[in-house]
2 protein chains.
Amino acid sequence: MAGDKKLVEQITSMDVDFAQWYTDICKKADLIDYSSVKGCMIIRPYGYAIWENIQKNLDSRFKALGHENVYMPMFIPESLLNKEKDHVEGFAPEVAWVTHGGSEKLTERLCVRPTSETLFCEHYANIIRSYRDLPKLYNQWCSVVRWEKTTRPFLRSREFLWQEGHTMHATAEEARAETVQMLNVYADFHEEDLAIPVIKGAKTPSDKFAGAEDTYAIEALMHDGKALQAGTSHYFGDGFAKAFDITYTDKDNKLVHPFQTSWGVTTRMIGGIIMTHGDDNGLVLPPAVAPIQVVVIPVAAHKPGVIEAATELANRLKGDYRVKLDDSDNSPGWKFAEYEMKGVPLRIELGPRDIEAGQCVIVTRHNLEKTVVKLDELEAAVKAKLQEVRDGMYAKALANREKRTYDCKTIDEIIEKLAANGDGFVRAMWCGDPECEDKVKEMTGVGSRCVPLEQEHISDVCVCCGKPAKQLVYWGKAY
Amino acid sequence: MAGDKKLVEQITSMDVDFAQWYTDICKKADLIDYSSVKGCMIIRPYGYAIWENIQKNLDSRFKALGHENVYMPMFIPESLLNKEKDHVEGFAPEVAWVTHGGSEKLTERLCVRPTSETLFCEHYANIIRSYRDLPKLYNQWCSVVRWEKTTRPFLRSREFLWQEGHTMHATAEEARAETVQMLNVYADFHEEDLAIPVIKGAKTPSDKFAGAEDTYAIEALMHDGKALQAGTSHYFGDGFAKAFDITYTDKDNKLVHPFQTSWGVTTRMIGGIIMTHGDDNGLVLPPAVAPIQVVVIPVAAHKPGVIEAATELANRLKGDYRVKLDDSDNSPGWKFAEYEMKGVPLRIELGPRDIEAGQCVIVTRHNLEKTVVKLDELEAAVKAKLQEVRDGMYAKALANREKRTYDCKTIDEIIEKLAANGDGFVRAMWCGDPECEDKVKEMTGVGSRCVPLEQEHISDVCVCCGKPAKQLVYWGKAY
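Here goes a summary of the coordinates provided. Note that the structure is predicted; figures quoted are calculated from it, not measured.

## Re the environment of A:Gly237
Residue and element names in this part refer to chain A.
Turning to step 1, where the next piece is worked out: Relative to the helices and strands, Gly237 is located in strand S11 (residues 227-237).
Turning to step 2, where the next piece is worked out: Its relative accessible area of 1% is what places Gly237 among the buried residues.
Turning to step 3, where the next piece is worked out: For Gly237 and Gly422, which are 185 residues apart along the polypeptide, the C-alpha to C-alpha distance reads 40 Å.
Turning to step 4, where the next piece is worked out: Leave out the neighbours within four places in its chain, and Gly237 touches Glu213, Pro258, Phe259 and Gln260.

## Some remarks on the interface of chain B and chain A
Turning to step 1, where the next piece is worked out: With 58 residues of chain B in contact, the opposing surface of chain A contributes 58 residues.
Turning to step 2, where the next piece is worked out: On inspection of chain B and its partner chain A, the count reaches 4 salt bridges.
Turning to step 3, where the next piece is worked out: Of the charged contacts in the structure, one is a salt bridge between B:Glu52 and A:Lys63, with a shortest N-O distance of 3.1 Å.
Turning to step 4, where the next piece is worked out: Across the contact surface, chain B and chain A share 25 residue pairs in polar contact (both at pLDDT 80 or more).

## Let's talk about the packing of helix H2 (residues 45-64) of chain B against helix H6 (residues 172-193) of chain B
Residues and elements named next belong to chain B.
Turning to step 1, where the next piece is worked out: As a packed pair, H2 and H6 sit with axes 11 Å apart at the nearest point and diverge in direction by 140°. Taken together, the axes of H2 and H6 are oblique relative to one another. When you trace H2 past H6, the crossing you get is right-handed. Residues Ile54, Asn57, Leu58, Arg61 and Phe62 of H2 form the contact with H6, whose own contacting residues are Met182, Val185, Tyr186, Asp188, Phe189 and Asp193.
Turning to step 2, where the next piece is worked out: Each residue belonging to the contact of H2 with H6 can be placed in one class, and the counts come to 7 nonpolar, 1 polar and 3 charged.

## Here's the deal with the relation of the copies chain B and chain A
Turning to step 1, where the next piece is worked out: Least-squares fitting of chain B to chain A yields an RMSD of 0.0 Å, with the transformation described by 0.0 Å of translation along the axis and a rotation of 180°. Taken together, the rotation and translation relating the two chain copies correspond to the operation of a two-fold axis. Looking at the rotation axis and the C-alpha trace of chain B, the residue lying nearest is B:Val98, at 2.1 Å.
Turning to step 2, where the next piece is worked out: A shared binding surface is used by both copies, with 100% of the interface residues of chain B retained as interface residues in chain A.

## Topic: the pairing of strand S9 (residues 199-202) of chain A
The side chains of a regular strand alternate, first on one face of the sheet and then on the other.
All names here are of chain A.
Turning to step 1, where the next piece is worked out: Of the pairings in the sheet, the one linking S9 to strand S10 (residues 214-221) comprises 4 bridges and is antiparallel in character. Paired with Ala202 across the two strands is Tyr216, which belongs to S10.
Turning to step 2, where the next piece is worked out: Summarising the sheet, S9 and strand S22 (residues 447-452) pair through 2 bridges and their orientation is antiparallel. Bridge assignment links Gly201 to a residue of S22, and that residue is Pro452.

## Description of the pattern of salt bridges
Residue and element names in this part refer to chain A.
Turning to step 1, where the next piece is worked out: Following the criterion strictly, the structure yields 59 salt bridges over all chains and no others.
Turning to step 2, where the next piece is worked out: With a shortest N-O distance of 2.9 Å, Arg176 and Asp214 are connected by a salt bridge. Of this pair, Arg176 sits in helix H6 (residues 172-193) while Asp214 sits in strand S10, placing them 38 residues apart in sequence.

## Description of the sheet that holds strand S18 (residues 359-364) of chain B
Residues and elements named next belong to chain B.
Turning to step 1, where the next piece is worked out: Read across the sheet, 5 strands follow the order S16-S15-S17-S18-S19 without closing on themselves; strand pairing throughout is mixed. Each edge of the sheet is formed by a strand with only one pairing partner; in this case those strands are strand S16 (323-325) and strand S19 (369-374). With strand direction ignored, the average angle separating the axes of adjacent strands in the sheet is 25°.
Turning to step 2, where the next piece is worked out: In this structure, strand S15 (residues 294-298) lies alongside strand S17 (residues 346-350), joined through 5 bridges in parallel fashion. Across the sheet, the residue bridging to Val295 is Arg347, located in S17.

## Brief notes about the environment of A:Met72
Turning to step 1, where the next piece is worked out: Examined against the element boundaries, A:Met72 turns out to sit in the loop between strand S3 (68-69) and strand S4 (75-77).
Turning to step 2, where the next piece is worked out: By relative accessible area, A:Met72 is classed as buried at 0%.
Turning to step 3, where the next piece is worked out: Along the sequence, A:Met72 and A:Ser116 sit 44 residues apart, while their C-alpha atoms lie 7.9 Å from each other.
Turning to step 4, where the next piece is worked out: Setting aside residues up to four positions removed in sequence, A:Met72 forms contacts with A:Arg113, A:Leu119, A:Phe120, A:His123, A:Gln140, B:Ile42 and B:Glu159.

## Considerations on helix H5 (residues 117-127) of chain A
Turning to step 1, where the next piece is worked out: In terms of burial, H5(A) is a largely internal element, 9 of the 11 residues being buried.
Turning to step 2, where the next piece is worked out: Listed in full, the buried residues belonging to H5(A) are A:Glu117, A:Thr118, A:Leu119, A:Phe120, A:Cys121, A:Glu122, A:His123, A:Tyr124 and A:Ile127.

## Overview of H6(A)
Residues that lie three or four places apart on an α-helix share one face, since the helix turns once every 3.6 residues.
All names here are of chain A.
Turning to step 1, where the next piece is worked out: Over its 22 residues, H6 runs 31 Å from end to end, which matches the ideal 32 Å to within 8%, given 1.5 Å per residue.
Turning to step 2, where the next piece is worked out: Of all the positions in H6, only Ala172, Ala175, Glu178, Thr179, Met182, Leu183, Val185, Tyr186, Ala187, Phe189, His190 and Asp193 are classed as buried.
Turning to step 3, where the next piece is worked out: Just downstream of H6, Ala195 is the residue with a positive phi angle, here 55°.

## Quick word on the sheet that holds strand S23 (residues 471-476) of chain B
Residue and element names in this part refer to chain B.
Turning to step 1, where the next piece is worked out: Ordered in space as S3-S7-S8-S14-S11-S10-S9-S22-S23-S21-S20, the 11 strands form an open sheet in which the pairing is mixed. Strands with a single pairing partner mark the edges of an open sheet, and in this sheet they are strand S3 (68-69) and strand S20 (405-407).
Turning to step 2, where the next piece is worked out: As judged from the 8 bridges shared by strand S10 (residues 214-221) and strand S11 (residues 227-237), these two strands associate in the antiparallel manner. Residue pairing in the sheet places Leu221 in a bridge with Ala227 of S11.
Turning to step 3, where the next piece is worked out: The strands that helix H12 (residues 378-403) touches are strand S9 (199-202), S10, S20 and strand S21 (425-430); relative to S20, the one it contacts most, it runs at about 35°.
Turning to step 4, where the next piece is worked out: Each of S20 and S21 is contacted by helix H13 (residues 411-421), which is oriented at about 150° to S20, the strand it contacts most.

## Digging into the packing of helix H9 (residues 306-318) of chain A against helix H12 (residues 378-403) of chain A
All names here are of chain A.
Turning to step 1, where the next piece is worked out: Two elements in contact, H9 and H12, have axes separated by 10 Å at closest approach and are oriented at 65°. As for the relative orientation of H9 and H12, their crossing is right-handed in sense. Residues Leu313, Arg316 and Leu317 of H9 touch H12, and the partners they reach there are Leu378, Glu379 and Val382.
Turning to step 2, where the next piece is worked out: Counted by class, the contact of H9 with H12 contains 4 nonpolar, no polar and 2 charged residues.

## Describing the nonpolar core
Turning to step 1, where the next piece is worked out: Ranked by size, the top nonpolar core spans 205 residues in total, and within it A:Phe75 and B:Phe75 carry the most contacts.
Turning to step 2, where the next piece is worked out: Sequence-distant contacts of A:Phe75, that is, excluding residues within four places in its chain, are made with A:Val98, A:Leu110, A:Cys111, A:Val112, A:Leu119, B:Val37, B:Cys40, B:Ala96, B:Val112, B:Val145 and B:Trp147.
Turning to step 3, where the next piece is worked out: Among the nonpolar cores identified, the runner-up in size contains 26 residues, and A:Val296, A:Ala310, A:Leu325 and A:Ile362 belong to it.

## A closer look at the packing of aromatic side chains
Turning to step 1, where the next piece is worked out: This structure, assessed with the given rule, holds 30 aromatic pairs over all chains.
Turning to step 2, where the next piece is worked out: Aromatic pair B:Phe62 and B:Trp141: ring centres 6.2 Å apart, planes at 25°, arrangement stacked. Placement of B:Phe62 in helix H2 and of B:Trp141 in strand S7 (residues 136-145) is noted, with a sequence separation of 79 residues between them.
Turning to step 3, where the next piece is worked out: For B:Phe62, a relative accessible area of 1% gives the class buried.
Turning to step 4, where the next piece is worked out: Note on B:Phe62 and B:Tyr186: the rings are 6.5 Å apart at their centroids and 75° apart in plane angle, and the pair reads as edge-to-face. Here B:Tyr186 lies in helix H6 and B:Phe62 lies in helix H2, a separation of 124 residues in the sequence. Residue B:Phe62 shares its accessibility class with B:Tyr186, and that shared class is buried.
Turning to step 5, where the next piece is worked out: An aromatic cluster of three or more residues is present, and its members are A:Trp51, A:Phe62, A:Trp141, A:Tyr186 and A:Trp263.
Turning to step 6, where the next piece is worked out: Over the ring of B:Phe336 we find B:Arg347, and its NZ or CZ is 4.0 Å from the ring centre.

What counts as what
Residues numbered from 1 in each chain as written. Chains lettered and ligands numbered in written order. Predicted model: local features only at pLDDT ≥ 70, side-chain atom pairs only at ≥ 80, totals over all residues. Heavy atoms only, no water. Helix = DSSP H or I, 4+ residues; strand = E, 2+ residues; numbered from the N terminus. Buried < 20%, exposed > 50% of the residue type's maximum accessible area, 1.4 Å probe, protein only. Contact = heavy atoms within 4.5 Å. Salt bridge = Lys/Arg side-chain N within 4 Å of Asp/Glu carboxyl O. Polar contact = N/O pair within 3.5 Å; in protein donor to acceptor, adjacent residues only side chain to side chain. Axes fitted to C-alpha atoms, helices over the stretch in contact; angles between N-to-C directions. Parallel < 35°, antiparallel > 145°, perpendicular 65-115°, else oblique. Left-handed = near helix turned anticlockwise from the far one by under 90°. Nonpolar A, V, L, I, M, F, W, Y, C, P; charged D, E, K, R; others polar. Least-squares fit on C-alpha atoms with pLDDT ≥ 70 in both. Pairing = 2+ DSSP bridges. Expected span 1.5 Å × (residues − 1). Core = buried A, V, L, I, M, F, W, Y, C linked by side-chain atoms within 4.5 Å. Phe/Tyr/Trp six-rings, centres within 6.5 Å; stacked < 30°, edge-to-face > 60°. Lys NZ or Arg CZ within 6 Å of the ring centre and 35° of its normal.

Shape descriptors only; they carry no functional weight alone.
Rendered as C-alpha cells:
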C-alpha cells in the first residue's frame, strides 16, 4: 500500500522565498489549480469550502443589518459604463470586452462587469421614487473580471469572486454612516473570525475608488511585512445619482438626489489568511472558516476498539463542529503532516493507551502544542481549544504587526528602519500634498496605505516637506 | 396617507393572455426588472430570495450525497471549447465571445461559459491519476451565458443562474447510476418541495445534450398545457475523457478512461413555479422556498393591544418559519392583495374580536380558504396548514396534468384531442425513427418531450408510421 500513498510534499520555506512558499501552499493544500484560462484560477473543493464559510458568515452579518441580495447582469453596455466620467476612466483600461454573440457582431460592445455601480444605478433610477423607497440596501455575490497583467492566486486574478454592496440613502449623513458601518463589519469579521488584525482608515485622494468621494479600507500586515488591502467601503455622495438621474420626492415634496455607498470584499481574503497565519508546515486556518475544524486520527488503528472509539469521539463533536475522522490506511505520521498542510485548527489523536487511560491528545495547529484531555471533558476542551487557537493566531499576527510597525519622523528614518528591520508599516505624518505622497514612495519604496481613523500625533511636520502635518498616515509596500 | 400607498396593480387574467399574465407576475410580484442589457434580467430581492432557498435546499441534498463545490473560470478559450466535436457544434452558435482585454486584442478568443464540461475535463485530466482518485463528485453554482434570440424572464435569458454537477467515475455502471440518482434528486425536489409533479424520462437521440450519450430530463406540465424541461442529467460515457485524454490507473494497473456525468437545474425553475401554481391573484409559492412563509396582518390595528398581540403571535413562529409581521399603515385589504400577489403561503389575520375570543384566522394562499384557529394551538395549526398548502398545490397541479394528458394511437387522434381539450401531454407509441418524430411535430405541433422511465404499452404500433412500436413517448409543446 505504501507506494500508493500520496506523499505530503515539501513546500519552500517562507524565509527562503515567501512568494514561492505562498504559491506552494495554494497548490499543496489543494486550494487552487491552474487551467488554460490565463490569469484565472480554479478554486478547488478545499479552497471553495473556505469561501463558502466566509460567505455564510458575512451574508448573515449583512442580512442582520437589513441588506437584501439581488443579482444583476454580468454585462455592462459600453454606453452605460461611460455615464460616470471618473468611473469609466478608472475601469475602462482593465475590462474584458464581448464583441460577438454567436456568429454576429454586437451593435454595442459589452464589458464583463469589473464592478456594478453603473448597473445598480440604472436599476435604482427605475425603482426609487419617494423617500418611502429609501434606503435601498442591496448586495450581490458574484464574480467580476479585471484584465490584470500580472496575476497571483487569490491576490490578483483576472476573475475573482466577491460581494458588492450598493446602497442608496435619503441623506449624506445616512450614507456616510453606512460606509463606516460596513467598514466596521469587515474589520470585525477580520479580527474576530479570521484572526487578522486590521487598521481602519481612509484612502488618500490619489488612491480613491474611481468615482468615489471617499474610500475607506481595512489594511492588514502580512507575515513578510507587506500590506494587504483586505476590504473597501466607498462613499459616493450624489455623484452617480446625478449622472444616472436618480431622484426621489422627499417629505417636503421636493425632487432631490439620494446618496450612495458601495463596499466589497473578495476571495483575496483567502490570500490574506494564508499570508497572515501560514507557516513552513503549511496553511493555518482560523476556526471560524476552516472547512474541517477538528480532525480525529486513530493511532495504532489496527488494535481492537481503536477505530470504534475514534468514531464515537468524532460523533460526539459532529453536531457542533465540522469534524473529519480519518480512518484511512495511511500512517498517523502521514496524516499529521497532511492536516497540518491543510491548516486544520485541532487534531485529536486517540490510541489504545489513551483509550485505556480515558483520555485523548489535542494538538493545536498554530503552535503545535499537545494537551492531554480527559474524554469526559472532551466537549468543553474542544470549545476552549478552538477559542485558544483563534486568540493565539490573533496574538501572533498582532505581535508580527507591532514588531514591524515603525514610527518615523524623516525620510532617512524610514529608509533606515526598513533596511534594518525589513518590510512593515511605517507610521509618519503627512501634510496632505500628493507630491509629498509620491516623493515618499519614490524615495523609500513605501506608498500611503491609509489615513487611520484613530489618529495619533507623532510629529508636528510632514515627514517629507517639513511643512505643518495634517494627518498620521500608514505607509507600506502593498500586495 | 392613502395617496402615497402603493396600489396593488392589476395583472392580466391568465385565461385572457397567459404570456402577458406571466410577465405581469414577474414584474408585479417584484421578482425581476429589465435593464439596458438586452436579454438579461435583474433578479430583485424577492425573486433572489426564492433562488437562495432553492440553492440551500439543493446544495444540502448534493452534499449529503458526497458532492463538493468548486469554482471554475467563467471563460473558455476557443481551442478548449473545440476539443469535443459534438459539444462545440452544439454550443458555438450561441456563445458570447470576448475578444479584447482592456485596449488589447486577445491572441485567442474566449467564450463566456455556456456550460463547463470542457473546463472540468481539463481539470480532471490534471488531478485524476489512480482509481483512488475516483469518483470525483464536483458541482458549481454560477451564471452561464447563451446568446438566445428571443428571451423571457427565468424561462430563457441570455444569462441565467444555475448549478452544474460534473462527475467522473471508474465504471460506466457507476456513472449511469449517478446520472439517474441526480435525476431522482431533481424529481424529488420538484415534487416534494416545489409541489410540481414531473415525468422522469430520457430524451430521444435528436434531443440529447451536445456530446452526451444519454440525456435524462424531468418534464413538468404548466397550467396552460405547455411542457417545461425542468432539469437535465447527462451520461457521457468516456467520450469527453478520450477527447481530453483523461486516464487513470485501475486496480489491475492498467491505464483506462473514466466515465462521466453532468447535471443541472437553473433559475428557470422559478418560471416553472410561477406557471404551475400562479393564479389571477398573482404568485402562489410552495412553502419550502417561499421567502415569507407566514405573513401576520393585524386588523383594526389602531385598537389597543392589537399590534402587541400580532407581534407576540409573529414572534412565536419566528424560530421555525420565515415570518413577516406587516404593521405598516396600509389597509388590511391592501395587504391581503399585496401578499396574495407575492404568493405567501399562509396569511394570519388577527383583530380585536379574535384576540377576545383567543383565536386567529389562517388563510391558505392556494385556495384562499379561511380557518379559525385557537391561539393556543397556533404552532400545530401552522405546521399542518403549510403541509396542507404543499399537498393542495401538488394535487391541483397533478389534476391539471392529468386532465391535460391524452393517450393517442393515431396522428388524427392527437390533432383532435389537442383541438378539443387544449395543449397538454400527448402519450403515444413510437418506433424509434427520427423521421417519425419530426413528422409528428410537423403534423400535430407537439414534439417529443421524453421517453418516460416508467414505460407503459398503450398500442402495438408507432403513432406515425404504423410499424412496430418500441417505446411510449410523451409529446408536447415546450417552453
